[in-house]
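Fold and geometry: a report
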Amino acid sequence: MIIDKDYTRGFRIFGGAVLSLIVTLSVMIDSGYLRFLDSVMIGAIQKSDGGIKDALMHLSTTLASPKFDIIYVLIMAFFMWGFKFKLQALWAIFTIIGGDVVGFVFKEIVRRARPTLHSASDTGFSFPSGHVLGIFIVISIIWIIIIPVMKSDRWRIAIQILSVIFLLMVMMSRVYLNAHYPTDTIGAVLIAYTWVQISEIFYVKYAPRLKQNWRPVLHSYL
């Protein structure tokens, strides 16, 4: 299977869940340490503005819009289905939709207000960042499903490096544009990472059953 049974996955889920819980609770109690961390990081990211940096930040945040995340995954799923990676296509759709639900639940529980001077287009609560959570899931799908089947080592390495750079730019852009606090983006990464690990468990458990019992995916790669 492309997503194999991994006995260390439980430890990764536990570690991700613990870190996610620590950040979430610290935000909920308005921890002084987190406020200090946010202020230091905001100062560093917003130290200079204008010119190329301003354009890159706006472009990064636009390309990582939650609506675009769904489109990216649907496009990938379309091609996966065509190349007989049908189970992986279904898993990708399940993972991005489930991630959006998880992010919404966290927002409603924490209910952190957005930073002052945020754009009127940035509605809803601040923690966790939906842009960062969604794009992390999209990148994870690329790393888990797309990259392993690529034949060129150079392309694999290039895509991995570029995807990490883009993720960091999205995280910075949300802070730069006053849409989120830095800890909103860090929390989003931790929550998204934990959810992807959990989603992989669903694949390992249910993908073989679907392949055996559901005709549309009968000839899918496992």
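Structure: above.
Residues numbered from 1 in each chain as written. Predicted model: local features only at pLDDT ≥ 70, side-chain atom pairs only at ≥ 80, totals over all residues. Heavy atoms only, no water.

**Describing the pattern of salt bridges**
For the coordinates displayed, the defined rule picks out seven salt bridges. Between Asp38 and Arg112 there is a salt bridge whose closest N-O contact spans 3.0 Å. You can see Asp38 sitting in helix H2 (residues 32-45) and its partner Arg112 sitting in the loop between helix H5 (86-110) and helix H6 (130-146), a full 74 residues away along the chain. Arg112 shares its class with Asp38; the two are buried. Residue Arg111 pairs with Glu108 through a salt bridge whose shortest N-O separation is 3.1 Å. Residue Arg111 is classed as partly exposed on the basis of its relative accessible area, which comes to 47%. Taken together, the salt bridges that share partners define one network made up of Asp38, Arg112 and Asp184. (Salt bridge = Lys/Arg side-chain N within 4 Å of Asp/Glu carboxyl O. Helix = DSSP H or I, 4+ residues; strand = E, 2+ residues; numbered from the N terminus. Buried < 20%, exposed > 50% of the residue type's maximum accessible area, 1.4 Å probe, protein only.)

**Some words on the packing of aromatic side chains**
This model, assessed by the stated rule, comprises seven aromatic pairs. Between Trp91 and Tyr203, the ring centres sit 6.4 Å apart and the planes meet at 80°, which makes this aromatic pair edge-to-face. Linking Trp91 in helix H5 with Tyr203 in helix H8 (residues 182-213), this pair joins segments that are 112 residues apart in sequence. Since its relative accessible area comes to 3%, Tyr203 is described here as buried. When the ring of Phe94 is compared with that of Trp195, the centres are 5.7 Å apart and the planes differ by 50°; the resulting orientation is tilted. One end of the pair, Phe94, is in helix H5; the other, Trp195, is in helix H8, and 101 residues separate them in sequence. Phe94 sits in the partly exposed class, given a relative accessible area of 36%. One aromatic cluster is present, formed by Phe94, Trp195, Phe202 and Tyr206 through successive ring pairs. (Phe/Tyr/Trp six-rings, centres within 6.5 Å; stacked < 30°, edge-to-face > 60°.)

**Describing the nonpolar core**
Core analysis: the largest hydrophobic core is formed by 41 residues, its most contacted members being Met80, Ile137 and Ile141. Put simply, the parts of the chain that give this core at least two residues each are helix H1 (9-28), helix H4 (66-82), H5, H6, helix H7 (153-176) and H8. Apart from the residues lying within four places of it in its own chain, the contact partners of Ile141 are Val73, Met76, Met80, Trp91, Ala92 and Ile146. (Core = buried A, V, L, I, M, F, W, Y, C linked by side-chain atoms within 4.5 Å. Contact = heavy atoms within 4.5 Å.)

Shape is all these values report; function is a separate question.
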